[in-house]
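Each chain is listed here by its residues.
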Amino acid sequence: MSGVTRDGRRYSNAEEDRVELVEYDPRWPALFEAEAARLRAILAGLELGSFRLEHFGSTAIPGITAKPIIDIMLVSADQPRWPGLIEPIKSFDYVYWAENPRSDRMFFVKGMPPFGTRRTHHVHVRTPEDGHPALVFRDYLRDHPDAVARYARLKRELEARHPSDREAYTGGKDGFVAEIVRAATAGA
């Protein structure tokens, strides 16, 4: 991503792009709906085939502490057409993260320093199969307040330990997420 570099350990914007959790904001679902409506309007003109937009991540789980970033999953099986998403989504002030280590995904960020003052939205482009575990995780937490409390505690611990290392913060949640996805799919 132009303007942000990595020295092998940290990104150059790590001090400005900190992990900061806030209490749940009941406006988050409406913020998702507003951004999803804007995205649907530009995506409708593309030959993308069928797609859907899902609100996921912590801002989609009522009552949980979260980074105040609306995570939007654009689910589409038509990967050959994904490159056609780049310019239309960028036109909504998103930065395309071309260096995503996962070549089977696309990722866009709105507001990330130095392109803005703080992240506000992410758009994650995924296939239905790839996106499924994240949606299973979201749905399980929506129905299990005990898991929400455990996850919130873990997130606070990771925020304190890794305030300027988003990769370590995210990686620290991987085991918990895998545990919940296993529990959810075992009961399905």
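Treat the numbers as computed from the prediction; the structure is a model and nothing was measured.

S.K.: Would you mind showing me how to read helix α1 (residues 28–43) here?
M.R.: Since the α-helix packs 3.6 residues into each turn, any two residues three or four apart lie on the same face. For α1, which comprises 16 residues, the first-to-last C-alpha distance of 22 Å matches the rise-based estimate of 22 Å (1.5 Å per residue) to within 8%. Those residues of α1 lying buried are Trp28, Phe32, Glu35, Ala36, Leu39 and Leu43. Along the axis of α1, the buried residues cluster in a sector spanning 110°; they form a single face. Residues of α1 that are exposed and point over 90 degrees away from its buried face: Ala30 and Ala41. Close packing links the buried residues of α1 with β1 (52–56), β2 (70–75), α2 (86–90), β3 (94–96), β4 (106–110) and β5 (121–126).

S.K.: Can you help me understand helix α4 (residues 145–161) in this one?
M.R.: Under the 1.5 Å per step criterion, the end-to-end length of α4 is 24 Å for 17 residues, consistent within 8% with the ideal 24 Å. Residues of α4 that are buried sit in contact with α3 (128–143), α5 (166–171) and α6 (174–186).

S.K.: Explain the nonpolar core to me, please; I cannot follow it from the model alone.
M.R.: The nonpolar side chains of soluble globular proteins are, as a tendency, buried together. In terms of nonpolar packing, the biggest core is built from 21 residues, with Leu74 and Val123 touching the most fellow members. Secondary structure elements with two or more residues in this core: α1, β2, α2, β4 and β5. In terms of residue count, the dominant contributor to this core is α1 (five residues). If sequence neighbours within four positions are ignored, Val123 has contacts with Leu39, Ile72, Leu74, Ile89, Tyr94, Met106, Phe107 and Phe108. In terms of nonpolar packing, the next biggest core, distinct from the first, is built from 16 residues, Phe137, Ala147, Leu154 and Ile180 among them.

S.K.: Please clarify how the packing of α3 against α4 should be interpreted in this entry.
M.R.: A pair of packed helices is characterised by two quantities: the angle between their axes and the separation of those axes. Look at α3 against α4: their axes get within 5 Å of each other, and the N-to-C directions meet at 110°. If you check the angle between α3 and α4, you find them roughly perpendicular. Contact residues: α3 offers Phe137, Tyr140, Leu141 and Asp143, while α4 offers Pro145, Ala147, Val148 and Tyr151. Class assignment of the residues belonging to the contact of α3 with α4 gives a composition of seven nonpolar, no polar and one charged.

S.K.: Would you explain the pairing of β2 in this entry?
M.R.: For β2, a buried count of six out of six residues is recorded, marking the element as mostly surrounded by other parts of the structure. Burial along β2 is two-sided: Ile70, Ile72 and Leu74 facing one way and Asp71, Met73 and Val75 facing the other are all buried. When β1 meets β2, the two strands line up antiparallel, connected through five bridges. Paired with Arg52 across the strands is Val75, a residue of β2. Here six bridges tie β2 to β5, and the two strands are oriented parallel to one another. The partner of Ile70 across the bridge, within β5, is His121.

S.K.: Explain the side chain of Thr127 to me, please; I cannot follow it from the model alone.
M.R.: Within the fold, Thr127 resides in the loop between β5 and α3. On the basis of relative accessible area, Thr127 is assigned to the buried category, the value being 12%. In terms of polar contacts, Thr127 uses its side chain to reach the backbone amide nitrogen of Asp130, at 3.1 Å. Sequence-distant contacts of Thr127, defined by excluding residues within four places in its chain, comprise Val75, Ser76, Gln79 and Trp82.

S.K.: I would appreciate a short explanation of the sheet that holds β3 in the present structure.
M.R.: Backbone-to-backbone hydrogen bonds pair the strands of a sheet. The strands run either parallel or antiparallel. Strand order in this open sheet of five strands is β1-β2-β5-β4-β3, and the pairing throughout is mixed. Every interior strand has two partners, whereas the edge strands, β1 and β3, have only one. Averaged over neighbouring strand pairs, the angle between their axes works out to 25° when direction is ignored. Pairing of β3 with β4, which is carried by three bridges, proceeds in the antiparallel orientation. Considered in β4, the bridge of Val95 is made with Val109. Running over the sheet, α1 touches β1, β2, β3, β4 and β5 and is turned about 160° from β1. Here α3 sits on the sheet and contacts β1, β2 and β5; the angle it forms with β1, its principal contact strand, is near 40°.

Definitions and cut-offs
- Residues numbered from 1 in each chain as written.
- Predicted model: local features only at pLDDT ≥ 70, side-chain atom pairs only at ≥ 80, totals over all residues.
- Heavy atoms only, no water.
- Helix = DSSP H or I, 4+ residues; strand = E, 2+ residues; numbered from the N terminus.
- Expected span 1.5 Å × (residues − 1).
- Buried < 20%, exposed > 50% of the residue type's maximum accessible area, 1.4 Å probe, protein only.
- Arc of directions from axis to C-beta.
- Contact = heavy atoms within 4.5 Å.
- Core = buried A, V, L, I, M, F, W, Y, C linked by side-chain atoms within 4.5 Å.
- Axes fitted to C-alpha atoms, helices over the stretch in contact; angles between N-to-C directions.
- Parallel < 35°, antiparallel > 145°, perpendicular 65-115°, else oblique.
- Nonpolar A, V, L, I, M, F, W, Y, C, P; charged D, E, K, R; others polar.
- Pairing = 2+ DSSP bridges.
- Polar contact = N/O pair within 3.5 Å; in protein donor to acceptor, adjacent residues only side chain to side chain.

The values reported here are purely geometric and, on their own, carry no functional implication.
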